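Coordinates in review
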Number of protein chains: 2
Amino acid sequence: MNTQTEHLTIQQVADATGLTEHTLRYYERIGLIHPIPRAGNTHRRYTTDDIGWIQFLMKLRATGMSIQDMQRYAALQRQGDETLAERVTMLRTLEQEVVAHMAELEEHLKLIRYKIDLYGAAVEAQKECAAP
Amino acid sequence: MNTQTEHLTIQQVADATGLTEHTLRYYERIGLIHPIPRAGNTHRRYTTDDIGWIQFLMKLRATGMSIQDMQRYAALQRQGDETLAERVTMLRTLEQEVVAHMAELEEHLKLIRYKIDLYGAAVEAQKECAAP
DNA sequence: CTACATCCTAGAGCGCGCTCTAAGTCAAGA
DNA sequence: TCTTGACTTAGAGCGCGCTCTAGGATGTAG
């Protein structure tokens, strides 16, 4: 299951994920990321698995999941398999929220496009009137 | 073009739109809503047109447009027809952003569903093992 | 050994979008 | 006349999700 191959610095992980070093430390502090083992008891050494988890976190964020819910999810994840059912429940809830959000966006997109067409035509008309 | 029929109190507008009175005053203060005329020089009296505009604002917000951009849009709107072209440009930009955002959500939705299926199956397997 | 980059922690600060407070005005009804 | 309650303003406060600072420790190349 684990494919921990490298020992990556925080900078490398920042580059790989697009998060800043600040944010990576912050995520660890608030429990979104497990306590990263240290080289010489100070400098963090991440694994490629950690990058995978961080990228998953970023996807959860991008769907609109709150930090609080992500903390809950991360805590469950760390507790192991007996929390699978609860995690599935969380994901199902998220799925429904995302679907609803997309439907709302779709709806608003229609209005935006309607206005673009309407105003776009008016702009064309303005140009004609301005012409000799 | 205008269909101003009623003179509505701020409370009625709050009820009609779902915004709070606080937020309505805030939106007016920062220029998202034009200065609402007053009854007896104090109490605001909205029109049904105002409600339409506010509902449009709420849709812009729901698409993710920032307050700053909405201020710009509202200012253009008040300047009149010669700003139509610029407003169309803003709407086109917004359209693209919404489309991109929806594509991202769609992508993440796939992952969420994949995990639901995967973990869901694992949960079923757990139940079977627990059974006599 | 020195210089320099990189990393560390704890905690303060920030931008956004509201949300609420305090103190006061005003109008209508008992 | 008095009370009640809806409304007003200016400005403070808040929750979120980072983002940055200060001050210090550590690792690596020359």
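Residues numbered from 1 in each chain as written. Chains lettered and ligands numbered in written order. Predicted model: local features only at pLDDT ≥ 70, side-chain atom pairs only at ≥ 80, totals over all residues. Heavy atoms only, no water.

1. Thoughts on the protein's contact with DNA strand D
To keep things clear, this is the line we draw: Only heavy atoms are used to decide nearness, and a residue is near a molecule or strand if one of them lies within 4 Å of it. We define a polar contact as two N or O atoms separated by no more than 3.5 Å, with the added condition that, inside protein, one atom must be a possible hydrogen donor and the other a possible acceptor, whereas residues neighbouring each other in sequence contribute only through side-chain atom pairs. Starting at the N terminus, helices and strands are each numbered in turn, a helix being any DSSP run of H or I of at least four residues and a strand any DSSP run of E of at least two. Classification convention: Asp, Glu, Lys, Arg as charged; Ala, Val, Leu, Ile, Met, Phe, Trp, Tyr, Cys, Pro as nonpolar; all other residues, Gly among them, as polar.
With respect to spatial proximity, 18 residues lie near DNA strand D, and among them H22(A), Y27(A), R61(A), I67(A) and R44(B) are the closest. Counting only atoms of DNA strand D within 4 Å of the protein, the fraction found in sugar and phosphate groups is 72%. In this structure, R44(B) approaches DNA strand D through a main-chain N or O atom, which is 2.6 Å from a phosphate oxygen. Elements with a minimum of two residues in the surface near DNA strand D: α2 (21–29) of chain A together with α1 (10–17), α2 (21–29) and β2 (43–44) of chain B. Here the surface near DNA strand D is composed, by residue class, of 4 nonpolar, 8 polar and 6 charged.

2. Thoughts on the nonpolar core
How we decide: Residues belong to one nonpolar core when they are buried, are Ala, Val, Leu, Ile, Met, Phe, Trp, Tyr or Cys, and are joined through side-chain atoms within 4.5 Å. Summary of the burial criterion: residues with accessible area below 20% of their type's maximum are buried, those above 50% are exposed, and those between are partly exposed, where the area comes from a 1.4 Å probe applied to protein chains only. Residue contacts follow a heavy-atom distance rule, with two residues in contact if any of their heavy atoms lie within 4.5 Å.
Ranked by internal contacts, the top residues of the largest apolar core, which has 70 residues, are L24(A), Y46(A), L24(B), I33(B) and Y46(B). Sequence-distant contacts of Y46(B), defined by excluding residues within four places in its chain, comprise E6(B), H7(B), L8(B), T9(B), I10(B), V13(B), L24(B), E28(B), I36(B) and I54(B).

3. Overview of the protein's contact with DNA strand C
Around DNA strand C lies a shell of 17 residues, among which R25(A), R44(A), H22(B), Y27(B) and R61(B) are the nearest. Counting only the atoms of DNA strand C that lie within 4 Å of the protein, the sugar and phosphate share comes to 75%. T9(A) is positioned such that a nitrogen or oxygen atom in its side chain is 3.4 Å from a phosphate oxygen of DNA strand C. At 3.0 Å, a side-chain N or O of R61(B) approaches a phosphate oxygen of DNA strand C. It is α2(B) that provides the largest number of residues to the surface near DNA strand C, a total of 4 residues. Looking at the surface near DNA strand C, its residues break down into 4 nonpolar, 7 polar and 6 charged.

4. Thoughts on the environment of R78(A)
All names here are of chain A. Looking at the secondary structure, you find R78 in helix α4 (residues 67–79). Separated by 44 residues in the primary sequence, R78 and H34 place their C-alpha atoms 7.9 Å from one another. In this structure, R78 is in contact with G31, L32, I33 and H34, ignoring residues within four places of it in sequence.

5. Some details on the interface of chain B and chain A
Using the following cut-off: A quick way to say it: buried area is the sum, across both parts, of accessible area lost when two parts are put together, with a 1.4 Å probe. Counted as salt bridges are all cases of a side-chain nitrogen of Lys or Arg within 4 Å of a carboxyl oxygen of Asp or Glu.
Every contact between the two is made by 34 residues of chain B and, on the other side, 34 residues of chain A. Interface area for chain B against chain A, summed over the two sides, is near 3,200 Å², with a carbon-plus-sulfur share of 78%. In this assembly, chain B and chain A are joined by 2 salt bridges. Where E95(A) meets R113(B), a salt bridge forms, and the shortest distance between an N and an O atom there is 2.8 Å. Remark: the boundary between chain B and chain A carries 4 residue pairs in polar contact (both at pLDDT 80 or more). Residue assignment for the side of chain B that touches chain A shows that the elements contributing at least two residues are α3 (48–62) and α5 (84–130) of chain B. Broken down by element, the side of chain B that touches chain A gets its largest block of residues, 27 residues, from α5(B). A breakdown of the residues in the side of chain B that touches chain A according to their chemical character gives 19 nonpolar, 5 polar and 10 charged.

6. Digging into helix α3 (residues 48–62) of chain A
Quick note on the threshold: The span you would expect from a helix comes to 1.5 Å times its residue count less one.
Helix length check: α3(A) (15 residues) gives 21 Å between terminal C-alpha atoms against 21 Å at 1.5 Å per residue, within 8%. Next to the buried residues of α3(A) lie α1 (10–17), α2, α4 and α5 (84–130) of chain A together with α5 of chain B. Just downstream of α3(A), G64(A) is the residue with a positive phi angle, here 100°.

7. Looking at the packing of α3(B) against helix α4 (residues 67–79) of chain B
Residue and element names in this part refer to chain B. The condition is simple: Helix axes use the C-alpha atoms of the stretch in contact, all axes being lines fitted to C-alpha atoms, and the angles between their N-to-C directions lie in the range 0 to 180 degrees. The crossing is said to be left-handed when, going from far helix to near helix, the turn is anticlockwise and less than a right angle, and right-handed when the turn is clockwise.
The N-to-C vectors of α3 and α4 enclose an angle of 145°; their axes lie 10 Å apart at closest approach. Note on packing geometry: the crossing formed by α3 with α4 is right-handed. Residue-level contacts link W53, F56, L57, L60 and R61 of α3 to I67, M70, Y73, A74 and Q77 of α4. Among the residues making up the contact of α3 with α4, the classes are represented as 8 nonpolar, 1 polar and 1 charged.

8. Examining the relation of the copies chain B and chain A
Put simply, the rule is: For this overlay, a least-squares fit was computed on C-alpha atoms, restricted to residues scoring pLDDT of at least 70 in both copies.
In the superposition of chain B on chain A (RMSD 0.1 Å, axial shift 0.0 Å), the rotation amounts to 180°. Taken together, the turn and the small shift mark the pair as related by a two-fold rotation axis. Closest approach to the rotation axis among the C-alpha atoms of chain B is made by M102(B), whose C-alpha sits 3.2 Å away. Interface overlap between copies: 100% of the residues of chain B at the interface are likewise at the interface in chain A, consistent with a symmetric, same-surface contact.

9. Let's talk about the domain arrangement of chain A
Residues and elements named next belong to chain A. Let me state the cut-off plainly: For the domain bounds, the source is a domain assignment made automatically or taken from a database.
When its domains are assigned, chain A resolves into domain 1 (1–79) and domain 2 (88–132). A straight line from the C-alpha centre of domain 1 to that of domain 2 covers 36 Å. Counting residues at the interface gives 7 residues for domain 1 and 4 residues for domain 2. The contact between domain 1 and domain 2 buries some 490 Å² in all, and 86% of this surface belongs to carbon and sulfur atoms. On the domain 1 side of the contact with domain 2, T63, M65 and Y73 bury the most area, a combined 72% of that side's loss. In this assembly, domain 1 and domain 2 are joined by 0 salt bridges. Counting across the domain 1 and domain 2 interface gives 0 residue pairs in polar contact (both at pLDDT 80 or more). Considering each element in turn, the side of domain 1 that touches domain 2 owes the most residues, 4 residues, to α4.

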